[in-house]
Structure formats: structure tokens, C-alpha cells
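Structural overview for review
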2 protein chains.
Amino acid sequence: MSTYTLHYWPEIPGRGEYVRLAFEAAGEPYTDDTDVGALTKLVMSASVAGHPPHFAPPVLELASPASSAKRAKTREGQSAPEGSTQSVFISQTPAILAYLAPKLGLAGDVEGDSEEERELRRARVNQLVLTALDLSNETHDVHHPIASSLYYEDQKEEAKRRAEDFRKNRIPKFFQYFEEVLTSNPAKSHRLVGSTTTTADLVLFQVVDGLQYAFPRLLASFEKAGKYPALFEATKSVASEEKLKAYLASSRRRKYGMGLYRHYEELDGDA
Amino acid sequence: MSTYTLHYWPEIPGRGEYVRLAFEAAGEPYTDDTDVGALTKLVMSASVAGHPPHFAPPVLELASPASSAKRAKTREGQSAPEGSTQSVFISQTPAILAYLAPKLGLAGDVEGDSEEERELRRARVNQLVLTALDLSNETHDVHHPIASSLYYEDQKEEAKRRAEDFRKNRIPKFFQYFEEVLTSNPAKSHRLVGSTTTTADLVLFQVVDGLQYAFPRLLASFEKAGKYPALFEATKSVASEEKLKAYLASSRRRKYGMGLYRHYEELDGDA
């Protein structure tokens, strides 16, 4: 019985992948729950997940010691003890990652740091996670610039216009930023903060990987032109970590499709 | 000399206001720096702000004890000591708020909590801050659905289409969510978590206030119809806190204009 259960939509990697990568990189066991019925109940309603309810997945469930014991007993055919503590739930990708990072050794903590130094380093990692997730959100909005509730086909013209700006201005701005973060890291470690892998590196890897799927021509043209060398080097370095390499080659790694990262030929430009 | 300096664009409240409200609600002194030249240097370049650089304002500057001493000495006409510690900078609104909340008594901490309980409560506050900021971001994207780099006038048709979905689906979904958070809070305190004001309450107040400016007809129609009573009650309750009331009536509180929250008659619907 793992301590952590990740509730997310089935099939697509989506925003759940940012959390999944943290567990995989740390070698932490987790349950990947894609039951849509259970997920729907967790979202918007306080009656199942307790207070506060959740706006959208991913939702992380933490088994409290008492509720783990309860499940174990239930498996043995005994009834759950009265008044046992319930599971606790957290949603919002950056909140989940900020909570998990120190527990999984992905917060950039350095031995011998003062409390204040540790806090500041965590704030920096959080800052970089949030910026990479901003790029992730903008990637989604390129194919859905008008409304998430409409089909792509119903906002195709607007998507084309937004994609042009995204390719020309937004991706280059974000990539240049992360290039600067990597090259100004005094540790010169192919990592964003210090010399160990943090949640920020994992999120950045996933965003670059997702963009390579969604905008293959554009991303290939960057690499061919020798642009953002530190960024692409870091992405490869993260993907070659032993645990991540095994995960990425496994059937647990989901294929891109009709989720956050989508490939539409007409949005990829002529590069 | 205050410990905290907030670097943000002049005139507009924008995303800087979420940080400003935290200082004001807590009665914590802060320096409000709107020097555009200094701000521009802080963003995208590691040479001024140290590692990592910052993608966009707001940027929070923390005077380290050593650099405060240095400034005090400089004021007295002496030169700064060699090798004195530099200021430290944090960007990304949710990262700044997560860092400040416990220091300003806005993290929902409850006396007697275990470390784990405190952490979980902070994660909940963070989750709600992030969800309210998602609504803030969507509000911006309504008047800039194609590109931040283009004028509103160059994406007016797309904005009209997006505004329709925003009024009909998105605002109601977010408001219903926060209504559920407020009504399911066991403390029944007009606050989102527990019974004290947290950064989540402040962000939600600012989003509702900004939407009342940007979509006055729509928001008035909600109140007239008796929709989201707990949300509007909470907003009023936060605004009537002594320190916030004084701040909101002061000249420090900036007027809305051409920032994140904009009023365009044609986007407000016929409600």
C-alpha cells in the first residue's frame, strides 16, 4: 500500500505527468488512479474529499497512518475502526509539487543549510516550477484560445493566429529565460538550481518533451540552428537519469494524444 | 528601512497587488519600488538579481541582514564593506505569497498544530491561492486571447468570443467553486481556510474586486439574483478588516486602468 495516490484522467499524460515524474525520479511508490467516476466526485464537491474541495485534477491523496491501517484491516475482512482519520487531498500541480519536493529529495535542499537558506532555495525551485508551468498552460491555450469547452475545430482560425505568436515570441522568450537560468547556475550542473535534480528540472523536461511532440518542426529547427544549447543539454541529461530512463521506456509512460500537448500540423509553422 | 521591497510596474495594481495586499493586511512595512529601469534590469538577466533570474514582475527583494547594514552605512557616507551579502530576490506571485504567508501570519497556522498539520494547511492555502490566480490569469486572457504583444484592438473579435465563454462558463465555475469552499469550511468564518485571514482570502478578494470593475453588469446581476452569497459576503468581510479598510481608502491603493483588470463595455454582456 503506497502512501500516495495520484488521481488523474486516464490515457493522457497531461498535468498529472508533472507529479508522476516526481515520484518516478525519486523511486517513490505511488498508486496511479484513473477511475473517472471517483475523480469526478473528488472535484468541485467537499463531501468526498473534505474541505476544501478541488477545482480540477490532478488531485493527490495522502493516506494518513490511520487510514492506511483501516484499509489493511478492510482487506483482511474486518470492519474499519470507528472515527479513523480520513485521507487528505491536495490539488493544483504547483501546490502538490511544493508539498512533495522536500519529501522526495527534489527541493534542492543542501546539507548544512540554515532554515532560511533552505526556505529560499525552495522558493527558487517553486518560482521555476511555476514559470515552466506557465509555458505549459500557454501551450494548451494555443489550441484552445477561445474556450476549453469548445472543440479545436471550432476555434481553429484563432488557434492559427495564436500559434504564430507562440512560435515567434512566447516559446523563444521562455526558452531564452531557461537558457539564462541554466548558464548562470554557478554549479554548471545541467540543472536549474544547485547540482541536484529538482521538481523544476522535471517540469522543464516534460514541457520541452511535450513541445517536441506538439511542434516538431519548430523545435528541430532550434536544435539545428544551435539555439538554446544549455536547455536541450539539460533536457537530455534529465532524461538519462537511471530511474527516469527506465520510466520513460516503460509502459507507465503515456503517449501524447489529445491532451495538453497536441500535434496539429497547421500550427507548427514552416520552419 | 523595511526588510521587503516589492518591484512592480508603476500605476496599475496588476499582479503586484496580490503581494501588496499581504503586506497591508499584516501591517508589515514594505518599500513599493516602481522604477521601470531597475525593474527591467531585474527581469531576464542574472547579472543584477543573481541566480536564478526572473521571468516577469512582481519581484520581491529581501534585504539580507548584511545588506541592510550596508545600506545604513552607505547612508552615513561610509563605503559598503567588501564581500557583504547581497539582497535576495523571489519572483512568481504564488511563490512570493507562499514564502511570505507564514512570516506575515497569513498561512492559516493554528497554535498547537503538528509540523505535518501545519504543512497540510499551508498546502491548502497555496492550492486556493493558485486557483484564484488561475481566474486572474483567465481574466487577462479575455482581453488578450491571441497575444499579450498585440493591442486589444487587434484581437477585439476574438476577445468578444472569449468573453462570452468567460461570462457564461468560466466565472460561474470559479465562483461556484469558491462558494463551495466557503460554505464547507467547518469554521463558518467568511474565510476560505480555518477562521483567520490567509493569502487565499486576499487574492480572492482582489479577483472579485477586479472583476467588479471589469464586468460591472455581470457581477451586479449575480448579486441581484442572490447568487454566490457566501463569496460576496466573504469579499465584504475581508474588505472591512481594519488595516485593509484603511489601505483601500488610502492613496496607496491604485486605480484600475489598462492592466490586468480592464473594463470594455462590449465584453460585459447584456445581463
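Residues numbered from 1 in each chain as written. Chains lettered and ligands numbered in written order. Predicted model: local features only at pLDDT ≥ 70, side-chain atom pairs only at ≥ 80, totals over all residues. Heavy atoms only, no water.

The name recorded for chain A in an unreviewed UniProt entry is Glutathione S-transferase, from Gloeophyllum trabeum.

Think of it as a corkscrew move, a rotation about one axis and a shift along it, taking one chain copy to the other. Rotating chain A by 180° about the axis while translating it 0.0 Å along that axis superimposes it on chain B, leaving an RMSD of 0.0 Å. When the rotation and shift are considered jointly, the pair of chain copies conforms to a two-fold rotation axis. Residues of chain A ranked by C-alpha distance from the rotation axis are headed by A:P145, positioned 2.9 Å from it. Comparing interface residues between copies, 100% of those in chain A also lie at the interface in chain B; the contact surface is shared. (Least-squares fit on C-alpha atoms with pLDDT ≥ 70 in both. Contact = heavy atoms within 4.5 Å.)

Quick look at the sheet that holds strand β4 (residues 88-91) of chain B now. Residues and elements named next belong to chain B. On the basis of which strands lie adjacent, the open sheet formed by four strands has the order β2-β1-β3-β4 and mixed pairing. The open sheet has two edge strands with one neighbour each: β2 (31-33) and β4. Strand-to-strand, the axes of this sheet are offset by a mean angle of 25°, without reference to chain direction. The sheet contact formed by strand β1 (residues 4-7) and strand β3 (residues 59-62) spans four bridges and is antiparallel. (Pairing = 2+ DSSP bridges. Helix = DSSP H or I, 4+ residues; strand = E, 2+ residues; numbered from the N terminus. Axes fitted to C-alpha atoms, helices over the stretch in contact; angles between N-to-C directions.)

Mapped onto this numbering, the UniProt entry annotates "domain: GST C-terminal" (unreviewed entry) at residues 118-258 of chain A. Between the C-alpha atoms that bound residues 118-258 of chain A the distance is 39 Å, and the span itself is 70% helix and 0% strand. (UniProt positions renumbered as here; feature names shortened; annotations may be inferred.)

With that settled, the discussion passes to the side chain of B:E61. Residues and elements named next belong to chain B. By the secondary structure assignment, E61 is in strand β3. Its relative accessible area of 9% is what places E61 among the buried residues. Within the local environment of E61, its side chain forms a polar contact with the side chain of H7, the two groups lying 2.8 Å apart. (Buried < 20%, exposed > 50% of the residue type's maximum accessible area, 1.4 Å probe, protein only. Polar contact = N/O pair within 3.5 Å; in protein donor to acceptor, adjacent residues only side chain to side chain.)

Okay, helix α6 (residues 115-143) of chain A next. With 29 residues, α6(A) ought to run about 42 Å at 1.5 Å a step, and its terminal C-alpha atoms sit 43 Å apart, in line with that. Judged by how many residues are buried, α6(A) sits mostly within the fold: 21 of 29 residues are covered. (Expected span 1.5 Å × (residues − 1).)

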